[in-house]
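Inside the fold
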Amino acid sequence: MNIAAGKINVPTGLDDFLMESADLGRVVGSWGFNPRVDFTRMNAEETNVWFFEQVFNFLRSFFGIIVPDSMEITTYNASKQINKENLNQMTFLDELMLVMKNLKDSIWCIRLNLNIVGFLRTDWDPDKPIRLHIQEPATFIVWGGADETGFQTFSMGYKLFSEQKVEGEHSLLWSVNQPLFEKALKKWERQSRYMIDIIESNSDDLSLGRNGFSKPAPQRARPKPRPVDTGPVVDSIPDLDELMF
């Protein structure tokens, strides 16, 4: 969604993000929770420190599974957006701290676009799965500020969790990658001290649970169609004569 007269592009919530992903042809699952933080009791510095802690908790939990690629930091009321590309995993948190040090306003949203590390079947050696970085859709988003409650979500594509078999080992990509993903989600809950209770997808073809993909995804999952806009609802107000007996 474009905000502030088209100057800034940032999803305003999970539904908005899932619809945006579907419009791009990306099928994703999302896992998140709402800590219900009262930001009205926090100043800008305290709010921004809170954001840093959420990013730190997430990265620590998913270490070895995801790698930061790019970042968008949007300040409250979408007054400013800072974009960082080609992030370095080893120096990313230092770079984030430097950005925050120069901010005067409270952060409203941080969006991390990520690369996934997982096992994948390759064309050149289909019988042997290898571990590598892939650019499958993966995003971590946190919203906060006076009008928010700290909702955060991790969204990821399904192809590493599909029913495709790895020839030679007679195992599914799902059976190779799902245990690693489940371990990371559980660690995220322990690290953040919140239970994952919001599990959504922009496809009816994915079976999701609190611990990840509850069963292998089809090789070709389809995004849900965008809801049909029927326009404003017009209430039928009876004429006074109709009320008279």
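These numbers were taken from a predicted model, which means no experiment stands behind them. By convention here, each chain's residues receive numbers from 1 onward along its written sequence. Totals for whole chains, interfaces and linings use every residue, but because this is a predicted model, local features are given only for residues with pLDDT of at least 70 and side-chain atom pairs only at 80 or more, for both listing and counting. Hydrogens and water are ignored here; the side-chain numbers use all heavy atoms of the structure.

1. So, the overall build of the chain
Numbering of helices and strands runs from the N terminus, with a helix taken as a DSSP run of H or I at least four residues long and a strand as a DSSP run of E at least two residues long. Helices and strands together make up the secondary structure of the chain, namely five helices and 14 strands. The contact criterion used throughout is that any non-hydrogen atoms of two residues lie within 4.5 Å. The long-range fraction of contacts in the chain, counting pairs at least 24 apart against all pairs at least 6 apart in sequence, stands at 67%. The protein chains shown are the only cover counted for residues, whose accessible areas, like all others here, come from Shrake-Rupley with a 1.4 Å probe. Accessible surface for the chain amounts to roughly 14,000 Å². Of this, 50% is attributable to carbon and sulfur atoms.

2. Brief notes about the pattern of salt bridges
One speaks of a salt bridge when a side-chain nitrogen belonging to Lys or Arg is within 4 Å of a carboxyl oxygen belonging to Asp or Glu. In total, this model carries six salt bridges according to the counting rule given. Measuring nitrogen to oxygen at the nearest pair gives 3.1 Å for the salt bridge that ties Arg41 to Asp38. Buried means the residue's accessible area, taken with a 1.4 Å probe over protein chains only, is under 20% of the maximum for its type, while exposed means over 50%, and partly exposed covers the values in between. Its relative accessible area of 72% is what places Arg41 among the exposed residues. According to the relative accessible area criterion, Asp38 is partly exposed, its value standing at 36%.

3. Here's the deal with the environment of Arg111
By the secondary structure assignment, Arg111 is in strand E6 (residues 107-120). By relative accessible area, which is 8% here, Arg111 ends up buried. Expressed as a C-alpha distance, the spacing of Arg111 and Val10, which sit 101 residues apart in the sequence, is 8.5 Å. Excluding its chain neighbours within four sequence positions, the residues that come into contact with Arg111 are Pro11, Phe17, Glu20, Ser70, Met71, Glu72, Thr139, Phe140 and Ile141.

4. So, the nonpolar core
Among buried residues, those of type Ala, Val, Leu, Ile, Met, Phe, Trp, Tyr and Cys that are joined through side-chain atoms within 4.5 Å constitute a nonpolar core. Grouped together as the largest cluster of nonpolar side chains are 46 residues, with contacts concentrated most on Phe58, Phe62, Ile73, Leu96, Phe154, Phe181 and Trp188. The set of elements that each furnish at least two residues to this core consists of strand E3 (28-33), helix H2 (44-61), strand E4 (66-75), helix H3 (92-101), E6, strand E8 (138-143), strand E9 (152-157) and helix H4 (173-192). Tallying contributions element by element places H2 first for this core, with six residues. Ignoring sequence-local partners within four residues, the contact set of Trp188 consists of Trp31, Gly32, Phe33, Asn57, Phe58, Ser61, Phe62, Phe140, Gln152, Thr153, Phe154 and Ile196.

5. Structural notes on the confidence of the model for the chain
pLDDT is a residue-level measure of predictor confidence that goes from 0 to 100. For the chain, mean pLDDT is 84; residues scoring 70 or higher make up 81% of the total. For the stretch residues 1-6, pLDDT sits under 50, and the model shows 14 contacts to residues farther than four places along the chain or on other chains.

6. Here's the deal with empty space enclosed by the protein
For cavity detection a 1 Å grid was placed over the protein atoms alone, and a set of points counts as a cavity when a 1.4 Å probe fits there but cannot get out; an open set counts as a pocket when protein lies on both sides within 12 Å along at least five of seven lines, with lining residues being those that have an atom within 4 Å of a point. Grid points are joined across faces, edges and corners, and a volume is the space filled by probe spheres set on the points. If you walk through the whole model with that rule in mind, you get one cavity of 30 Å³ or more. In this model, the largest cavity occupies a volume close to 70 Å³. Looking at the largest cavity, the residues that line it are Ile65, Ile116, Val117, Gly118, Met156, Leu160, Phe161, Asn177, Leu180 and Phe181. Of all the secondary-structure elements, those providing two or more residues to the lining of the largest cavity are E6 and H4. Each residue belonging to the lining of the largest cavity can be placed in one class, and the counts come to eight nonpolar, two polar and no charged. Residue polarity follows a fixed list, in which Ala, Val, Leu, Ile, Met, Phe, Trp, Tyr, Cys and Pro are nonpolar, Asp, Glu, Lys and Arg are charged, and the others, Gly among them, are polar.

7. Concerning the packing of H2 against H3
Note on method: axes are straight lines fitted to C-alpha atoms, helices fitted across the in-contact stretch only, with angles between N-to-C directions ranging 0 to 180 degrees. Running from amino to carboxyl end, H2 crosses H3 at an angle of 170 degrees, the nearest separation of the two axes being 11 Å. As the angle between them shows, H2 and H3 are arranged roughly antiparallel. In this structure, H2 uses Asn48, Phe51, Phe52, Val55, Phe56 and Leu59 to contact H3, whose residues at the interface are Phe92, Leu93, Leu96, Met97 and Met100. Each angle receives one of four descriptions, namely roughly parallel if under 35 degrees, roughly antiparallel if over 145, roughly perpendicular if within 65 to 115, and oblique otherwise.

8. With respect to H3
Taken residue by residue, H3 has Phe92, Leu96, Val99 and Met100 as its buried positions. Along the long axis of H3, the arc covered by the buried residues comes to 95 degrees, so they all point the same way. Away from its buried face by more than 90 degrees, H3 exposes Asp94, Leu98 and Lys101. By arc we mean the arc of the directions from the helix axis to the C-beta atoms, nothing more.

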